[in-house]
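# Per-entry structural report
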Amino acid sequence: MTAFLIALALCQTAIAQQSSATDAIMDASRAFDEAFDGADFDRLASILTDDVVMTSGGGRWQSRETVLDFIRGLHGRRPGITLNTNPELVEPGPEGWGVVSERGRWIERWESDGQPNEITGSYLAMWKFIDGAWRLSVLTIIPVQCSGPYCLR
């Protein structure tokens, strides 16, 4: 009976840790979207790892500075741009590794010449626990659908 109670306690602890990591990633993901939408580059910088890698249909960026430069460029070319990530699955890595996988759907929206544009697709992110916070280490966004005048280019 004692062994059963110990096993149950360990299982509950593991579930609580996973739930805690999942909640933290959901919060971090939401913070990334908010910082992106608000062009808050200081906040974005605090969310990204130094060696972050971002890939999309338009290219690949390696390092915090190149990712921030890319996002600054998007805001310059697409005033009012927003990004919404919708996590569908958040999976903590093995205990003690400090990594979490997030995957889901994303939507990017902006207007050009008064007409709406929208790109949607799937994404995969890897978050790392560094210096007491979850930081975005890898982000791959795959465009699947596009609507609006931008898509006709």
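Just so it is clear, the structure is predicted and the values come from calculations on it, not from any experiment.

## A few points about the confidence of the model for the protein
- Counting all residues, the mean pLDDT for the protein is 90, and 88% of those residues have values of 70 or more.
- Within the model, the stretch residues 3–18 combines pLDDT values under 50 with 2 contacts to residues more than four positions away or in other chains.

## Section: helix H3 (residues 64–77)
- Here H3 spans 20 Å end to end across 14 residues, near enough to the 20 Å set by a 1.5 Å rise per residue.
- Every buried residue of H3 is accounted for by Val 67, Leu 68, Phe 70, Ile 71, Leu 74 and His 75. Along the axis of H3, the buried positions cluster into a sector of 160°, meaning they face one direction only. The exposed residues of H3 that point more than 90 degrees off its buried face are Gly 76 and Arg 77.

## Thoughts on the pattern of salt bridges
- Counted by the stated rule, this structure contains 6 salt bridges.
- A salt bridge links Asp 69 to Arg 72; its shortest N-O distance comes to 2.9 Å. Pair noted here: Asp 69 and Arg 72 are both in helix H3, with a separation of 3 residues, about one helical turn.
- Given a relative accessible area of 46%, Asp 69 falls into the partly exposed group.
- Note that Arg 109 is salt-bridged to Glu 118, the shortest N-O span being 2.7 Å.

## Some remarks on the pairing of strand E1 (residues 48–56)
- Where E1 and strand E6 (residues 133–147) come together, 4 bridges link them in parallel fashion. Paired with Leu 48 across the bridge in E6 is Leu 136.
- As judged from the 4 bridges shared by E1 and strand E2 (residues 59–62), these two strands associate in the antiparallel manner. Counterpart to Ser 56 in the pairing with E2 is Gly 59.
- Taking the residues between adjacent antiparallel strands as the criterion, E1 and E2 are bridged by 2 residues.

## Concerning the nonpolar core
- Within the largest apolar cluster, 34 residues are counted, with the highest numbers of intra-cluster contacts made by Phe 32, Trp 127, Leu 136 and Leu 139.
- Counting residues per element, the ones that place at least two in this core are helix H1 (2–37), helix H2 (41–47), E1, H3, strand E3 (82–92), strand E4 (99–112), strand E5 (115–130) and E6.
- At 7 residues, H1 tops the list of elements feeding residues into this core.
- Once you skip the residues sitting within four places of it in the chain, Phe 32 turns out to touch Leu 44, Ile 47, Leu 48, Leu 83, Leu 136 and Leu 139.

## What about the sheet that holds E4?
- In spatial order, the strands read E2-E1-E6-E5-E4-E3; together these 6 strands make up an open sheet with mixed pairing. With one partner strand each, in any of the chains shown, E2 and E3 form the two edges of the open sheet. Sheet twist, expressed as the average angle between the axes of neighbouring strands with direction ignored, equals 15°.
- Together, E1 and E2 form the strand contacts of H3, whose direction differs from that of E1 by roughly 50°.

Reading the values: rules and limits
Residues numbered from 1 in each chain as written. Predicted model: local features only at pLDDT ≥ 70, side-chain atom pairs only at ≥ 80, totals over all residues. Heavy atoms only, no water. pLDDT = per-residue confidence, 0-100. Contact = heavy atoms within 4.5 Å. Helix = DSSP H or I, 4+ residues; strand = E, 2+ residues; numbered from the N terminus. Expected span 1.5 Å × (residues − 1). Buried < 20%, exposed > 50% of the residue type's maximum accessible area, 1.4 Å probe, protein only. Arc of directions from axis to C-beta. Salt bridge = Lys/Arg side-chain N within 4 Å of Asp/Glu carboxyl O. Pairing = 2+ DSSP bridges. Core = buried A, V, L, I, M, F, W, Y, C linked by side-chain atoms within 4.5 Å. Axes fitted to C-alpha atoms, helices over the stretch in contact; angles between N-to-C directions.

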